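Summary of the model geometry
Given next are the chains, with one letter for each unit.
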Amino acid sequence: MNVNQQPHMASPYGQPQPGYQGYPQSGYGGQHVPGGYPAPYAPYNGPASAYQPVSQPSVSAAYTPSAPSSFAPTSTVPTQPPSTEGTPQPYYGAPPQQPFPTAAPPFSAPGPTQPPGPPLASQQTFPQAPPPSQPPFSSAPPQVPPASYGGPPPPVQASHPRAAPPTSQPAAFPGGPPPTSTPTQYTGPPMQQPPVSQPSSFHSGPPPPPTSAAGFPPQGGAPPRPPHPGIQGPPLASQGPPMSQANHVAPPQPGMLAGPPVPGMAGPPPQPGMQGYPPQQNGAFGQVRGPQPGYAGPYPGQQSYGAAPPAQAPAPPAPKRLDPDSIPSPIQVIEDDKANKGSEPFVTGVRGQAPPLVTTNFHVKDQGNASPRFIRCTAYNIPCTSDMAKQSQVPLAAVIKPLATLPPDENSPYIVDHGESGPIRCNRCKAYMCPYMQFIEGGRRFQCGFCSCVTEVPPHYFQHLDHTGKRVDCYDRPELSLGSYEFLATVDYCKNNKIPQPPAFIFLIDVSYNAVKNGMVRIVCQELKTLLDYLPRENPDVQSNIRVGFATYNKVLHFYNVKASLAQPQMMVVSDVADMFVPLLDGFLVNVSESRVVIESLLDQIPDMFADTRETETVFGPVIQAGLEALKAADCAGKLFVFHTSLPIAEAPGKLKNREDKKLVGTDKEKSLFQPQVSFYANLAKECVAQGCCVDLFLFPNQYVDVATLGVVPTSTGGSVYKYTYFQAQSDQERFLNDLRKDIQKKVGFDAVMRVRTSTGIRATDFFGSFYMSNTTDVELAGLDCDKTVTVEFRHDDKLSEETGALMQCAVLYTSCSGQRRLRIHNMAVNCCAQLADLYRNCETDTIINFFAKYAYRCVLNNPTKNVRDSLVNQCAQILACYRKNCASPSSAGQLILPECMKLLPVYLNCVLKSDVLHPGADVSLDDRAYLRQLVSAMDVAESHVFFYPRLLPVHKLDVECDTLPVAIRDSEERLSKGGIYLLETGLNLFLWVGANAQQELLQNIFGTPAFGQIDSNMTSLPILDNPYSKRVREIVESFRAQRSRYMKLMVVKQEDKLELIFKHFLVEDKNNSGGASYVDFLCHMHKEIRQLLS
Ligand SMILES: [Zn+2]
């Protein structure tokens, strides 16, 4: 490719231009690159029909929005009799028999604002209807649909429903921190006493029993929900075993709230005088909404709120746990977002606009900021000052997936060629031309949006400005109007100022005893014969430029000469592995089409050559060295595919010993298990990065292989590690082959360097992912594929301004699979805010969790896991306490008040805390933990979301007549029905759980047998039956697989079967066997932490 080709100076491109005919990039413009989405050439999915490409769109499209939402900004989760001032919506109250009783914490003590009230006994005298003084909110419920999700899509909402109207807020709170979320009429200083009719609202008077079905918003918090029955009940002091659910009866966790109630958790007993005050204050803080006739309550089970208050006995008979239906539900949030944001395109032109959640299907229109498929931020309103940021403890980070695959209906980034002089950049900070550059002096110069430096416009790039100061060609140029695009790089951007050679793929296959015996060698060789026709390329009509090479090894290495002119491949053995070299320069790396016959012959012979091997020992370091040396000799970048089975104990550089010691788990020495046992691989990784040598490692271990050490090179070079423990050809080859096919075919760039520039006042300070850094700013990736993300944390180094916001520009210089050197640019502008409330209004919890998980998973390298967990809990408590203190309206400390956009922070955080890396069960191997730790480090937000909070789909509710999927349910055993069948997806695994009482017809349709007892739980794929149900279920399974970067093996789990334990591990709202808290317990724990901080 000629990087100096003429610039497409005036080519039209993109949406903004009417009459756009397509940007004339050969093989690129407007085209979609091969990848996870329908590719320009048919991706190879294997010969078997079972590997048919999946029709992903059909199912993902099936997510129809349903519930229109009325998002109110604040979520309230009272853990004691709520005082509802400013707390629009109690999630649960401390039920009378609540397991977390109640020492009266300082807050909840009746304060000066607490009016005396009737004694407890009078509780039931709550007015059934709001008193006259109450604003009409209870009778004008928000527009919220009933809990059912299956209904027709709601009316389309405004495209930014999530944020409360910004304008009204700051103005409304002249004197103090505004209540973030709730647009309100409250104009006085926050702490000010409310109007007379609402005195009770400042403390813990429970709201009256719900009087009618009048609408309460699902979780939005604005208008009140009916109080939990427990709230009005008798004293909270009662303790007792948690509850009726088996899975919640686990023994108490040290330091956690599980088990018997913890004093102090639930807040004080109801205060006299609390009762009898209607929750009118909710109205005062809630959004005013129109009545919603017929709204019956957002949650199933909510009806129970209306029940008469429990008995007043001081010592209630049976302890009762909090009602999980009354605490924030991930499913509700996900469904609300789909309803609100799924139906309209997400237009990126508005600064600081939070995108739809990763679980929502949406279309993106690039109008100047990078698509959320490329960049997601933890916060879209970032604090103006460092002090504010510290106070809130909200992490400021962006999760960047530079080469993300876009869906077919979105344009891939256009390629821009600025000619011989290369991309136009700021003279000082070197930021690339982008929509944030301001042209001045009639277009002769431009001022940099990042550093303010003024730079001359080169004559060839000059253009006149229109009356608004915009260049008249603004919309003709991607770099002036889009968030994402690519520049052709000139030779100046190439290593050693040389145009790069096309990259090479080298396959290195372990042929030791285990590898041969478990079938891996034969499977790999067989598959490669076909797969080599599907190497990455940018134009489906031309052959891939990628060259290939092959070697096998056990404790020596065998190189193969597969030059086209040979009649048969030649093997060269290198048995001195101490100083690895490549014994042949000519004939090792070849073009597939030229050498096809020789290559096929080789791949046919390899399994037979080693069929009788007795060699059990392997080397590993020399294998990577060999691949690296081959790339060096060919002077190109590339990728090594290493297929490996065992701990490399043979005498060689990088030799390892078995150091597996489970006794260290939970001790201060546990961290050493996550660290590599030798420094050899870190040094090797550095060399690999310098050469652009990316390593993908496929592991087939039968025992400990020390993933923590073997994974160092892959995770430092932008590569991937795949692990197939106890690999058996029959049950695992489908997963392995699909992973391999995807891995080989996917879009990948080589020899990449990424830099994130920011506007003055903020800078990138920390990075997470699979890469190497030799300085503090450049993220080096020997390879960068479409699934890899880099998470970047930002810190202030100066004040930011609300007016200008904050800008970031991510530039990735890489070599495309065709050998072209390019720069991919992603721009992102976010708002800055001087009020904490604005920060809390515009965060994205899924991204925050992605960041926290990566942060924690790195911390375990140097800290005991318990400390890591504690500090995570502490930081989240600080985040929520800061909100409570500065943004929420004053109210009883007995209430847990969560920012609307962070109301799922506790549930998701708990999932991170109890993940196998941070809190392993006895059955989790050290290799598994190291593997997951590495895997999560490069995950995007969609994958980390489903990884930590799996998707659980009630298959028995499937309507085969329509394309929509049934609404998922919460990850808890109590949500499962014995008569149901459920599909659970974690991003790595798929389980089909079959209830013991599932309908015979259903079983017949899906499994081909009406008898539960006859279902074979060893099956890894569903039988292909000729009925709509079978077809639909298999389609869903395939569609789930198509959405993930790794193939998910299907496991059928029958209720009460031994496999059920594994399945239950993913029911993350429940207590788990290794001591992980249930969601309910953890929420109480968080509340306690928050209250401690507030006191
Ligand atoms: Zn600049």
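Please refer to the structure higher up on the page.
Read on for an overview of the structure. (Residues numbered from 1 in each chain as written. Predicted model: local features only at pLDDT ≥ 70, side-chain atom pairs only at ≥ 80, totals over all residues. Heavy atoms only, no water.)

Here the focus is the coordination of the zinc ion. Within the protein, the zinc ion binds to Cys426 (SG), Cys429 (SG), Cys448 (SG) and Cys451 (SG); these donor distances fall in the range 2.2 to 2.3 Å. The coordination sphere of the zinc ion comprises four donor atoms, whose angles at the metal cover 99 to 115 degrees; the geometry is tetrahedral. All donors to the zinc ion come from one chain, and their sequence spacing reads C-x2-C-x18-C-x2-C. Highlighted residues: cysteine 429 in the loop between strand 7 (415–416) and strand 8 (438–440) and cysteine 451 in the loop between strand 9 (445–447) and strand 10 (454–456), separated in sequence by 22 residues. Judged by its relative accessible area of 13%, cysteine 451 is buried. (Donors = N, O, S within 2.8 Å, 3.2 Å for Na, K, Ca; no water. Tetrahedral: all angles 85-135°; square planar, octahedral: opposite > 155°, others 65-115°. Helix = DSSP H or I, 4+ residues; strand = E, 2+ residues; numbered from the N terminus. Buried < 20%, exposed > 50% of the residue type's maximum accessible area, 1.4 Å probe, protein only.)

Ranked by internal contacts, the top residues of the largest apolar core, which has 156 residues, are Phe559, Met754, Tyr840 and Met902. At ten residues, helix 17 (residues 865–886) tops the list of elements feeding residues into this core. Residues contacting methionine 754, with those up to four places away along its chain left out, are Ile400, Pro402, Thr777, Asp778, Val779, Leu781, Val790, Val792, Cys810, Ala811 and Val812. One finds Val590, Val592, Ile599 and Phe700 within the second-largest nonpolar core, a separate group that totals 43 residues. (Core = buried A, V, L, I, M, F, W, Y, C linked by side-chain atoms within 4.5 Å. Contact = heavy atoms within 4.5 Å.)

Our next topic: the sheet that holds strand 10. Two strands in a sheet stick together by hydrogen bonds in their backbones, pointing the same way (parallel) or opposite ways (antiparallel). Here we have three strands laid out as an open sheet, ordered 8-9-10, and antiparallel in their pairing. Of all strands in the sheet, those bounded by a partner on one side alone are strand 8 and strand 10. Here the strands of the sheet are splayed against their neighbours by 30 degrees on average, with no regard to which way each runs. In this structure, strand 9 lies alongside strand 10, joined through three bridges in antiparallel fashion. The residue of strand 10 that forms the bridge with glutamine 447 is valine 454. (Pairing = 2+ DSSP bridges. Axes fitted to C-alpha atoms, helices over the stretch in contact; angles between N-to-C directions.)

Burial of strand 24 (residues 806–815) is extensive: ten of the ten residues sit out of reach of the surface. Across the two faces of strand 24 the burial is the same, with Ala806, Met808, Cys810, Val812 and Tyr814 and Leu807, Gln809, Ala811, Leu813 and Thr815 all buried. Bridge count for strand 20 (residues 748–758) against strand 24 is seven bridges, and the pairing is antiparallel. Within strand 24, the position partnered with methionine 754 by the bridge is valine 812. Bridge count between strand 24 and strand 25 (residues 821–833): ten bridges; the pairing is antiparallel. Its bridge partner lying in strand 25, alanine 811 is registered against isoleucine 825. Hairpin remark: strand 24 followed by strand 25, antiparallel, with five residues in the connecting loop; positive phi at glycine 819, about 95 degrees.

Attention shifts here to the packing of helix 8 (residues 520–531) against helix 14 (residues 729–745). As a packed pair, helix 8 and helix 14 sit with axes 11 Å apart at the nearest point and diverge in direction by 35 degrees. Seen along the crossing, helix 8 lies across helix 14 with a hand that is right-handed. Across from Ile523, Val524, Glu527, Leu528 and Leu531 in helix 8, the residues of helix 14 making contact are Ala729, Gln733, Phe736, Leu737, Leu740, Arg741, Ile744 and Gln745. Its residues assigned to classes, the contact of helix 8 with helix 14 shows nine nonpolar, two polar and two charged. (Left-handed = near helix turned anticlockwise from the far one by under 90°. Nonpolar A, V, L, I, M, F, W, Y, C, P; charged D, E, K, R; others polar.)

What follows covers the pattern of salt bridges. Tallied over the full model, the rule gives 51 salt bridges. Across the pair lysine 498 and aspartate 635 runs a salt bridge whose closest N-O atoms are separated by 2.7 Å. With lysine 498 in the loop between strand 11 (484–488) and strand 12 (504–510) and aspartate 635 in the loop between helix 10 (621–634) and strand 17 (638–644), this residue pair connects regions lying 137 residues apart in the sequence. One salt bridge connects arginine 822 with glutamate 538, and the closest N-O pair in it is separated by 2.5 Å. You can see arginine 822 sitting in strand 25 and its partner glutamate 538 sitting in the loop between helix 8 and strand 13 (547–553), a full 284 residues away along the chain. We classify arginine 822 as buried; its relative accessible area is 2%. A relative accessible area of 13% places glutamate 538 in the buried class. (Salt bridge = Lys/Arg side-chain N within 4 Å of Asp/Glu carboxyl O.)

Counting across every chain of the model gives 34 aromatic pairs. Centre to centre, the rings of phenylalanine 991 and phenylalanine 1063 are 6.0 Å apart; their planes meet at 70 degrees, and the pair counts as edge-to-face. On the criterion of sequence distance, the pair formed by phenylalanine 991 in strand 29 (residues 989–994) and phenylalanine 1063 in helix 23 (residues 1060–1065) is long-range, its members being 72 residues apart. The pair formed by phenylalanine 991 and phenylalanine 1063 is uniform in burial state, with each residue classed as buried. Ring pairing ties together the aromatic residues Phe643, Phe698, Phe700, Tyr722, Tyr724, Phe727 and Phe736, which thus form one cluster. Arginine 373 extends its terminal NZ or CZ atom over the ring of phenylalanine 362, reaching a point 4.8 Å from the ring centre. The ring of tyrosine 722 carries arginine 1046 above its face, with NZ or CZ at 4.1 Å from the centroid. (Phe/Tyr/Trp six-rings, centres within 6.5 Å; stacked < 30°, edge-to-face > 60°. Lys NZ or Arg CZ within 6 Å of the ring centre and 35° of its normal.)

This part is about unusual backbone geometry. Backbone geometry places asparagine 497, a non-glycine residue, at a positive phi of 55 degrees. For tyrosine 726, which is not glycine, the phi torsion reads 50 degrees and is therefore positive. Residue tyrosine 726 is classed as exposed on the basis of its relative accessible area, which comes to 56%.

For the rest of this paragraph, the subject is the sheet that holds strand 21 (residues 762–768). As summarised here, the arrangement of the four strands in space is 4-6-23-21, forming an open sheet in which the pairing is antiparallel. Across the chains shown, the open sheet's two edge strands, defined by having one partner strand only, are strand 4 (375–377) and strand 21. Each strand of the sheet is rotated relative to its neighbour by a mean of 25 degrees, with strand direction disregarded. In terms of strand pairing, strand 6 (residues 397–400) meets strand 23 (residues 790–796) through four bridges, oriented antiparallel.

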